[in-house]
Each structure stands twice: as structure tokens, then as C-alpha cells.
Amino acid sequence: GVWQISGAAAMGATVAFVLVWALARRGGLGSDRVVLVGVGVGAAASAITTVVVVVTNPWSTTAALTWLSGSTYGRSLEQ
């Protein structure tokens, strides 16, 4: 449902924030360090997402990639 997806997205964002903060804090919280750590965490998250899409049902890859790109195709106003 919509609430479960929203909750999972919020939890994922929180985990990413904590991970970036913890990794950047180890060497000082300079802005350049925070940005580079954030880029690295983003790349790792993208790789994990790609693996999940590839490992799951190969016949739904197109639908998964459409959803991941942010498309609202096939959704109603309530959703």
C-alpha cells in the first residue's frame, strides 16, 4: 500500500542519512567530505537497487525500471 511504501522510503532515507553522517564524521565534517561520502552512499544504494531488480522476476524488469524512474503512469489521483 501507499503508507507502507512511504514508510519504507522514509526509513531508507533515514538509514542513508545516518550512514553518510557516520562515515563523514570519522574524518571531520568538512563539506567536501560529506558530499563525497554522500555520492558514494548513493552509488552503493543504486547498485543494490540494480541487483534487486536483476535478481527478481526478469519479466517485470521494464515495470520496475519505469517505477524507479519516477513515472506516475497508471496511477490515479488518490494514489
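No experiment lies behind these values; they were computed from the predicted model shown. (Residues numbered from 1 in each chain as written. Predicted model: local features only at pLDDT ≥ 70, side-chain atom pairs only at ≥ 80, totals over all residues. Heavy atoms only, no water.)

(A) Main features of the overall build of the protein chain. Helices and strands together make up the secondary structure of the protein chain, namely three helices and zero strands. Sequence-ordered secondary structure for the protein chain, helices as α and strands as β, is α-α-α. For the protein chain, the C-alpha radius of gyration of 16 Å lies well beyond 12 Å, the compact-globule estimate for 79 residues. If one aligns the C-alpha atoms of the protein chain with their principal axes, the spans along those axes are about 45 × 30 × 15 Å. Taken over 79 residues, the protein chain has a buried fraction of 6%. Within the structure as shown, the protein chain displays about 6,500 Å² of accessible surface, and the carbon and sulfur contribution to it stands at 70%. (Helix = DSSP H or I, 4+ residues; strand = E, 2+ residues; numbered from the N terminus. Rg over C-alpha atoms; globule rule 2.2 N^0.38 Å. Buried < 20%, exposed > 50% of the residue type's maximum accessible area, 1.4 Å probe, protein only. Areas by Shrake-Rupley, 256 points an atom, 1.4 Å probe, with all protein chains shown as cover.)

(B) View of the packing of helix H1 (residues 2–25) against helix H2 (residues 31–55). The interhelical angle for the contact between H1 and H2, taken along N-to-C directions, is 135°, at an axis separation of 9 Å. Here H2 runs oblique to H1, going by the angle between their axes. Where H1 crosses over H2, the handedness of that crossing is right-handed. Across the interface between the two elements, Leu19, Val20, Leu23 and Ala24 of H1 pack against Arg33, Val34, Val37, Gly38 and Val41 of H2. Residues belonging to the contact of H1 with H2 are distributed by class as follows: seven nonpolar, one polar and one charged. (Axes fitted to C-alpha atoms, helices over the stretch in contact; angles between N-to-C directions. Parallel < 35°, antiparallel > 145°, perpendicular 65-115°, else oblique. Left-handed = near helix turned anticlockwise from the far one by under 90°. Contact = heavy atoms within 4.5 Å. Nonpolar A, V, L, I, M, F, W, Y, C, P; charged D, E, K, R; others polar.)

(C) Representation of the environment of Leu77. For Leu77, the position within the fold is in the segment after helix H3 (61–68). Note on Leu77: relative accessible area 85%, which makes it exposed. Taking the C-alpha atoms as reference, Leu77 lies 30 Å from Ala16; in sequence the two are 61 residues apart.

(D) Structural view of the confidence of the model for the protein chain. Residues with a pLDDT of 70 or more make up 96% of the protein chain, whose mean pLDDT is 85. Mean pLDDT values over the elements of the protein chain span from 75, in H3, up to 91, in H1. (pLDDT = per-residue confidence, 0-100.)

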